[in-house]
Amino acid sequence: MALHTLDAMARGGMYDVVGGGFSRYSTDNSWKVPHFEKMLYDNAQLALVYLHAYLITGISAYRNIVDKTLGFIQRN
């Protein structure tokens, strides 16, 4: 269930595939339109969760999300 949730968050509109990081929440029922507010503390926690998912599963997509999210944190 946890991996399914992480996958859905990464595919949905909350994850910024261009600049990295996650928006706080979505503004529509299908989770495609993000609220354009990205909080550093939310992203720090999500980076840790995706890192643990990568370490447990070895799935490189999780590692890519960690790298991009940490890049967003460092820039902002």
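Residues numbered from 1 in each chain as written. Predicted model: local features only at pLDDT ≥ 70, side-chain atom pairs only at ≥ 80, totals over all residues. Heavy atoms only, no water.

Student: Would you mind showing me how to read a nonpolar patch on the surface here?
Tutor: On the surface, a nonpolar cluster with roughly 280 Å² of combined accessible area is contributed by Leu 48, Leu 51 and Leu 55. With respect to the element layout, Leu 51 can be found in helix 2 (residues 40-57). (Patch = residues over 30% accessible without salt bridge, like charges linked within 9 Å, V, L, I, M, F, W, Y side chains within 5 Å. Areas by Shrake-Rupley, 256 points an atom, 1.4 Å probe, with all protein chains shown as cover. Salt bridge = Lys/Arg side-chain N within 4 Å of Asp/Glu carboxyl O. Helix = DSSP H or I, 4+ residues; strand = E, 2+ residues; numbered from the N terminus.)

Student: What is the right way to read the nonpolar core from this model?
Tutor: Across soluble globular proteins, you tend to see nonpolar side chains buried next to one another. Counting 11 residues, the largest nonpolar core is built from Leu 6, Met 9, Met 14, Tyr 15, Phe 22, Leu 46, Tyr 50, Ala 53, Tyr 62, Ile 65 and Val 66. Contributions of two or more residues to this core are made by helix 1 (2-11), helix 2 and helix 3 (60-75). Apart from the residues within four sequence positions on either side, Met 14 is in contact with Met 9, Gly 21, Phe 22, Ser 23, Arg 24, Tyr 25, Ser 26, Trp 31 and Pro 34. (Core = buried A, V, L, I, M, F, W, Y, C linked by side-chain atoms within 4.5 Å. Buried < 20%, exposed > 50% of the residue type's maximum accessible area, 1.4 Å probe, protein only. Contact = heavy atoms within 4.5 Å.)

Student: How should I be thinking about the packing of helix 1 against helix 2 in this particular structure?
Tutor: The axes of two packed helices give the description: the angle between them and the distance between them. The geometry of helix 1 relative to helix 2 is characterised by a closest axis approach of 11 Å and an angle of 125 degrees between their N-to-C directions. Taken together, the axis directions place helix 1 and helix 2 in an arrangement best described as oblique. By crossing handedness, the relation of helix 1 to helix 2 is classed as left-handed. Taking contact as the criterion, the partners of Leu 3, Leu 6, Met 9 and Ala 10 in helix 1 are, on helix 2, Leu 46, Val 49, Tyr 50, Ala 53 and Thr 57. Its residues assigned to classes, the contact of helix 1 with helix 2 shows eight nonpolar, one polar and no charged. (Axes fitted to C-alpha atoms, helices over the stretch in contact; angles between N-to-C directions. Parallel < 35°, antiparallel > 145°, perpendicular 65-115°, else oblique. Left-handed = near helix turned anticlockwise from the far one by under 90°. Nonpolar A, V, L, I, M, F, W, Y, C, P; charged D, E, K, R; others polar.)

Student: Is there a simple way to explain the environment of Val 18 in this structure?
Tutor: Here Val 18 lies in the loop between helix 1 and helix 2. Judged by relative accessible area, which is 78%, Val 18 ranks as exposed. Linking Val 18 and Phe 72, residues 54 residues apart in sequence, is a C-alpha distance of 10.0 Å.

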